[in-house]
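Coordinates in review
Take a look at the letters that make up each chain.
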Amino acid sequence: MGEGRDQRDGTGVRSIWLRPRRATKGEPPLTRARIVEAAVALLDEEGIDRLTMRRLAERLAVAAPSLYWHVDTKDDVIDLAVDAIFGEISPDLVPSSHWREDVTSVLSAWRATLLRHPWAATVPARRRPTIGPNFLAWMEILQATLLGAGFTGRRLAAATWALYNHVMGSTASETALHITDEERQVGQAQLRAERDRYPTLAANGYLYDDDWDGSYRAGLAYLLDGLQAQPDRRESGEA
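Residues numbered from 1 in each chain as written. Predicted model: local features only at pLDDT ≥ 70, side-chain atom pairs only at ≥ 80, totals over all residues. Heavy atoms only, no water.

If you look the protein up in an unreviewed UniProt entry, it shows as Transcriptional regulator, TetR family from Streptoalloteichus hindustanus.

What follows is the structure, given as structure tokens:
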């Protein structure tokens, strides 16, 4: 469980989006909106590993217990912050003449959001669903677009998660992997010295491959080509 109070309501519902908000008498000085704004700023400046309830309270100039009226754990704060950044750009996209272009527009907006807030790219691996209203608005457009292209049932779910995993995974790699020029040189020299064992990596500059934009676009094109080539997409639920 994340930093903060244990949840003892016995419901097993961890997500802040699925729990009722506490009633208040009037508007308290500290609001959820202020907490989220401060959390996003702190995460942008220092990263997810540096976020604690104490540091967040210090940034807000309040006592840490004041936060617990609005959130139970640090994970609650992260869930709120993730959804806030997906609300920075409106999902009201103008449909194009082809579903591939619309899917590309949605995923490009997701990727741009994650690159503006690199800490967010690591969140999908935190075992909590992304179900805030802003993100769900984007997911609705993606699935509605795929549905309109003929993907239904299990095909719709598989197509959705293949695309989701591509943009999230590629962005997580881009923001998390760091290698110095010296490490590239020494590492690639080592691969060349062991070319009998790693002939393909040695011959193709494995450690120099950091064209993140190009790899993302090419990978997305491969996925879309594969999806477009799927036969009988309108047979709901068939494998």
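1. Description of the packing of helix H6 (residues 133-148) against helix H7 (residues 153-176)
Between H6 and H7, the least distance of the axes is 10 Å, while the angle of their chain directions is 130°. Overall, the two elements H6 and H7 adopt an arrangement that is oblique. Seen along the crossing, H6 lies across H7 with a hand that is right-handed. Every residue of H7 that contacts H6 at Phe135, Met139, Leu142, Gln143, Leu146 and Leu147 is listed here: Leu156, Ala159, Thr160, Leu163, Tyr164 and Met168. (Axes fitted to C-alpha atoms, helices over the stretch in contact; angles between N-to-C directions. Helix = DSSP H or I, 4+ residues; strand = E, 2+ residues; numbered from the N terminus. Parallel < 35°, antiparallel > 145°, perpendicular 65-115°, else oblique. Left-handed = near helix turned anticlockwise from the far one by under 90°. Contact = heavy atoms within 4.5 Å.)

2. Overview of the pattern of salt bridges
The final tally for this structure, using the stated rule, is 9 salt bridges. Here Asp213 makes a salt bridge to Arg111, at a shortest N to O gap of 2.9 Å. Of this pair, Asp213 sits in helix H10 (residues 212-228) while Arg111 sits in helix H5 (residues 99-116), placing them 102 residues apart in sequence. A salt bridge links Arg184 to Asp210; its shortest N-O distance comes to 2.9 Å. Residue Arg184 is located in helix H8 (residues 181-193), and its partner Asp210 is located in the loop between helix H9 (199-203) and H10; the two are separated by 26 residues in the primary sequence. In this structure Asp210 comes out as partly exposed when scored by relative accessible area, which is 37%. Through salt bridges with shared partners, one network takes in Glu46, Arg50 and Arg55. (Salt bridge = Lys/Arg side-chain N within 4 Å of Asp/Glu carboxyl O. Buried < 20%, exposed > 50% of the residue type's maximum accessible area, 1.4 Å probe, protein only.)

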